[in-house]
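Summary of the model geometry
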Amino acid sequence: VPGSKRCAHSLIGYPEVSLYNKKDMKTRGLARGMSRGFTLIELLVVIAIIGLLASIVVTSLTSAQTKARDARRMGDVDSLQKALAIFSGNNAGLFPVQITEAPFFASSGVGAALIAGEAIKTIPQDPLNSIDPTYQYTYVSDSIGSSFTIGFCLETNTIRGYSQGCENAISQ
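Since the model is a prediction, treat every value here as computed from it, not as a measurement.

1. Re the packing of aromatic side chains
In the structure shown here, the tally under the stated rule is four aromatic pairs. Ring centres 5.5 Å apart and planes at 70° place the aromatic pair F104 and Y139 in the edge-to-face group. Taken together, the positions of F104 in the loop between β1 (102-103) and α4 (109-116) and Y139 in strand β2 (residues 138-141) put the pair 35 residues apart, joining distant regions of the chain. Residue class for Y139 comes out buried when judged on its relative accessible area of 1%. Between the aromatic rings of Y139 and F148, the centroid separation amounts to 6.0 Å while the plane-to-plane angle is 20°, which identifies the pairing as stacked.

2. A closer look at the environment of I86
With respect to the helices, strands and loops of the structure, I86 is situated in helix α3 (residues 40-90). You can call I86 partly exposed: its relative accessible area is 40%. Each C-alpha atom, one on I86 and one on I120, is 8.7 Å from the other, the two residues being 34 residues apart in sequence.

3. Digging into the nonpolar core
By size, the foremost hydrophobic cluster in this structure holds 21 residues, and its most contacted members are L80, L84, F104, L114, Y139, I150 and F152. Elements that contribute at least two residues to this core include exactly α3, α4 and β3 (148-154). In terms of residue count, the dominant contributor to this core is α3 (six residues). For L80, the contacting residues outside a window of four places in its chain are F104, I120, I123, P124, Y137 and I150.

4. Some words on the sheet that holds β3
Pairing within the open sheet is antiparallel, and its four strands lie in the order β1-β2-β3-β4. One side of each edge strand has no neighbouring strand; the edge strands of this open sheet are β1 and β4 (165-171). As judged from the two bridges shared by β1 and β2, these two strands associate in the antiparallel manner. Bridging from a neighbouring strand, A102 pairs with Y139 of β2. Of the strands in this sheet, β2, β3 and β4 touch α3, which is tilted by about 170° from β3.

5. Focus on the pairing of β2
Working note: regular strand, side chains alternate between the two faces of the sheet. As judged from the four bridges shared by β2 and β3, these two strands associate in the antiparallel manner. Within β3, the residue paired with V140 across the bridge is T149.

6. Some details on the side chain of N168
Residue position: N168 is located in strand β4. At 3.0 Å, the side chain of N168 forms a polar contact with the backbone oxygen of G165. The contact partners of N168, leaving out residues within four places of it in the chain, are I150, G151, F152, C153, L154, Y162 and S163.

7. Here's the deal with α4
Looking only at α4, the buried set comprises V110, G111 and L114. Summarising the axial view, the buried residues of α4 lie within an arc of 100°, below the 170-degree limit, and thus occupy one face. Exposed residues on α4 whose side chains face more than 90 degrees from its buried face are G109 and A116. Next to the buried residues of α4 lie α3 and β2. Once α4 ends, the next one or two residues include E118, with phi positive near 55°.

Conventions and cut-offs
- Residues numbered from 1 in each chain as written.
- Predicted model: local features only at pLDDT ≥ 70, side-chain atom pairs only at ≥ 80, totals over all residues.
- Heavy atoms only, no water.
- Phe/Tyr/Trp six-rings, centres within 6.5 Å; stacked < 30°, edge-to-face > 60°.
- Helix = DSSP H or I, 4+ residues; strand = E, 2+ residues; numbered from the N terminus.
- Buried < 20%, exposed > 50% of the residue type's maximum accessible area, 1.4 Å probe, protein only.
- Core = buried A, V, L, I, M, F, W, Y, C linked by side-chain atoms within 4.5 Å.
- Contact = heavy atoms within 4.5 Å.
- Pairing = 2+ DSSP bridges.
- Axes fitted to C-alpha atoms, helices over the stretch in contact; angles between N-to-C directions.
- Polar contact = N/O pair within 3.5 Å; in protein donor to acceptor, adjacent residues only side chain to side chain.
- Arc of directions from axis to C-beta.

See the structure below:
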């Protein structure tokens, strides 16, 4: 229609709507059944994805914690070895005598001997000892104290040369 300010859409029966008129667009969208929220299915999918990601993170953290405890155990055993070497150097090359395998505690004969001999300040304890008493360091020597064995547990098999379980030992 010449001279008319109406757009082509209004000629075929559509009302004139500006693309920049947000109020008109919202009204028309809602009038056609469109809502402004999420559907129940969309929310359930998002919750399921978040749950899956959370379980993956928790599993990774648990694995990292067990590996960290094993690394600490190896450090503790190394400290005990060094303390025994200091004790041996101060006692004519002999280690504390303990002919039956026993837990390595500050109050035990060997632990008390190392602390009294100033070879170590405190006897390290396994990170899980307070939770599970099977996780502890053990000590045994020959009858004259010329050699010893320190026993310890590992939760994983990630430490080269050692296995998961309580059958691990370092001897000298």
